[in-house]
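Inside the fold
What follows is the residue order along each chain.
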Amino acid sequence: MEKHDLIVIGMGPAGMAVTAMAANMELDVLAIEKHKVGGECLNYGCVPSKALLKAGEVNEVAENLRQYGIKLSGKTEIENPLEIVRNKVGKISGNKTMKAFDRAKLIVDQGEAKFVDKKVVKVAGKKYTADKIFIATGTEPMIPPIPGLKDVPRLTNLNIFEQEDIPETLTIIGGGAIGSEMAQAFSRLGAKVNIFQIDDHLVPTGDQEAGKVLEEKFKKEGIGVHNSTGINKVEEKNGKIITHTDVGVFESDKILVATGRKAVLEPLNLDNAGIESAKTGIKVNKRLETNIKGIYAVGDCNGKALLSHAAMHQGMLALMNAINPTPIKQFNYDDYLVPWSVFTKPEIAQAGITEKEANEKGINYQIVKERYEDYGRTIADGKPEGFVKVITNSRGKIFGATIVGEAASELIHEWILAIQHNISMFDIMMTQHSFPTISLMNKRVAEKWIMNKTDSGIIPKLAKKFI
Ligand SMILES: Cc1cc2nc3c(=O)[nH]c(=O)nc-3n(C[C@H](O)[C@H](O)[C@H](O)COP(=O)(O)OP(=O)(O)OC[C@H]3O[C@@H](n4cnc5c(N)ncnc54)[C@H](O)[C@@H]3O)c2cc1C
Ligand SMILES: NC(=O)c1ccc[n+]([C@@H]2O[C@H](COP(=O)([O-])OP(=O)(O)OC[C@H]3O[C@@H](n4cnc5c(N)ncnc54)[C@H](O)[C@@H]3O)[C@@H](O)[C@H]2O)c1
């Protein structure tokens, strides 16, 4: 039987991180991918969705040039944005990406890897063994049990980017990350979009107020947002999709289902290796090791965070744990905060806990908020929607930050750094940020925290005394 140092199952962001790092360390790696290298993220997720959002943004800017004093003679015409998106994905997944795996052995598109026992994996009729095995098999779209939904032609992230044209009308079930991003991308490229979701605000895992800012923008752009709405039935009639909801019956050309994800573990035959799993994914400890020594599960398949950067980070940590001879100084996944960003306009980004979570945890906190509409740069840019909201306390300890607005996905990293390394509001205030960057909003909110202090209490009294 062929023996390797490492076997990696699945070549999305998590598996790619393990494979590239291990091969770079001159370990002998076998990576097995049943479909395409790049996984969900590169082929059907992050990359095509961001490319389509960019096409939508460019069209929106072109259609609204008047706000900058520019007149466009004629109208923009939507030609082939989905084809351009596919070309971009093709370019990224080409030689440049594959070069990172030059030193590894890859088995791609030869079927699923399956456990034979805790040391042996089988693919395409051949058995392989390794000292360490990394499972990085990701998730698939979860289709909710809405009557009729399984019987109509439906879109998920797996086929939405394969369409030829932008549909005239699009129903989206789900107002989370995928639903919100795709609603704005397709709407800005000409589709009439309606979102239906059971939650009460867009991007429901995040801050409610931020979700409402996004909803207001969506409504201005003509996107229908139907929160807390049940869907009773979906059917196809004369080539149209008919969606029966609590708030009426809606007809559309296409329907996109974006209602969360599920790990598909049956094909792996985990039982043969005695690996434990739950409904949310493969069970792992803090070191990302399964209940079977030497077998790790990283990325979406363990259900800890459904995000590419988290998947890559987990891959890196698990590999470092696997090659670390000291059982004491292992890398603990829970020590590292996971930021997230939704790339709509305005963007929503989160670090640490939300206001709702602070309440649930009974934390004695105060909120400091700085609005985009009060800052010269964002007004000059024509991007006045949004805010930076920080959950802190009287000593300036930072528990969480929510940003909704232009460049939120960039600004959030300062707060991740602050929370993870115990940097305070005072430290942020004392750090120069160049003017007029949007990042300066972070310093302005820290200054506001100090101003709130100086508005009352001992500081004004001392200032008066010593002036
Ligand atoms: C539309 C969309 C947009 C997204 N946008 C973002 C974003 O902007 N930012 C972000 O951080 N995240 C985003 N995500 C989430 C991100 O795509 C996932 O978190 C990430 O892909 C998870 O990586 P992974 O390696 O764990 O799994 P995956 O990327 O799902 O890769 C798993 C791989 O394993 C393979 N596989 C499965 N079973 C087997 C088997 N038995 N044998 C061999 N191979 C197997 C699969 O074919 C797949 O290639 C988005 C997701 C979607 C759907
Ligand atoms: N920018 C990003 O980082 C990004 C972008 C896209 C996806 N993702 C990742 O992909 C994951 C999946 O995204 P998603 O949007 O599918 O899920 P999600 O968990 O973000 O949102 C699920 C949505 O589906 C709705 N829903 C669930 N069941 C329903 C039902 N029966 N009827 C009506 N509505 C229903 C919920 O109300 C919610 O709005 C996310 O957790 C996220 O981590 C990340």
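Residues numbered from 1 in each chain as written. Chains lettered and ligands numbered in written order. Predicted model: local features only at pLDDT ≥ 70, side-chain atom pairs only at ≥ 80, totals over all residues.

1. Re the UniProt feature "binding site: NAD(+)" (unreviewed entry) in the chain
- In the numbering used here, UniProt assigns the "binding site: NAD(+)" (unreviewed entry) feature to Gly174, Gly175, Gly176, Ala177, Ile178, Gly179, Ser180, Glu181 and Gly260. These residues run over 87 residues, yet every pair of their C-alpha atoms falls within 13.8 Å of each other.
- With respect to the secondary-structure elements, Gly176 resides in the loop between β8 (169-173) and α6 (177-188).
- For Gly176, a count of 20 C-beta atoms within 10 Å gives the class buried.
- Apart from residues no more than four positions distant in its own chain, Gly176 is found in contact with Val203, Pro204, Thr205 and Ala258.
- Relative to the elements of secondary structure, Glu181 occurs in helix α6.
- Overall, Glu181 belongs to the buried group, with 23 C-beta atoms counted inside 10 Å.
- The residues contacting Glu181, other than those within four sequence positions of it, are Ser49, Leu53, Val342, Phe343 and Thr344. (UniProt positions renumbered as here; feature names shortened; annotations may be inferred. Helix = DSSP H or I, 4+ residues; strand = E, 2+ residues; numbered from the N terminus. Buried ≥ 20, exposed ≤ 12 C-beta atoms within 10 Å, placed from the backbone. Contact = placed C-beta atoms within 7 Å.)

2. A closer look at the UniProt feature "domain: FAD/NAD(P)-binding" (unreviewed entry) in the chain
- When the UniProt feature table is mapped onto this chain, "domain: FAD/NAD(P)-binding" (unreviewed entry) is found at residues 5-315.
- For residues 5-315, helix accounts for 28% and strand for 24%, while the C-alpha atoms at its two ends are 16 Å apart.

3. Some words on the site of ligand 1
- Around ligand 1, 36 residues are found, and the nearest of them are Gly10, Gly12, Gly39, Gly138 and Gly299.
- For the shell around ligand 1, the class distribution of residues is 17 nonpolar, 14 polar and five charged. (Near = placed C-beta within 6 Å. Nonpolar A, V, L, I, M, F, W, Y, C, P; charged D, E, K, R; others polar.)

4. Some thoughts on the domain arrangement of the chain
- Taken domain by domain, the chain holds domain 1 (2-38 + 93-139 + 262-335), domain 2 (149-259) and domain 3 (346-455).
- Taking the mean C-alpha position of each, domain 1 and domain 2 sit 34 Å from one another. (Domains from an automatic or database assignment.)

5. Some thoughts on the environment of Thr76
- Structurally, the position occupied by Thr76 is in the loop between α3 (46-63) and α4 (81-92).
- For the pair Thr76 and Gln420, spaced 344 residues apart in sequence, the C-alpha separation works out to 46 Å.
- Other than its neighbours up to four places away in sequence, Thr76 contacts Asn59, Ala62 and Glu63.

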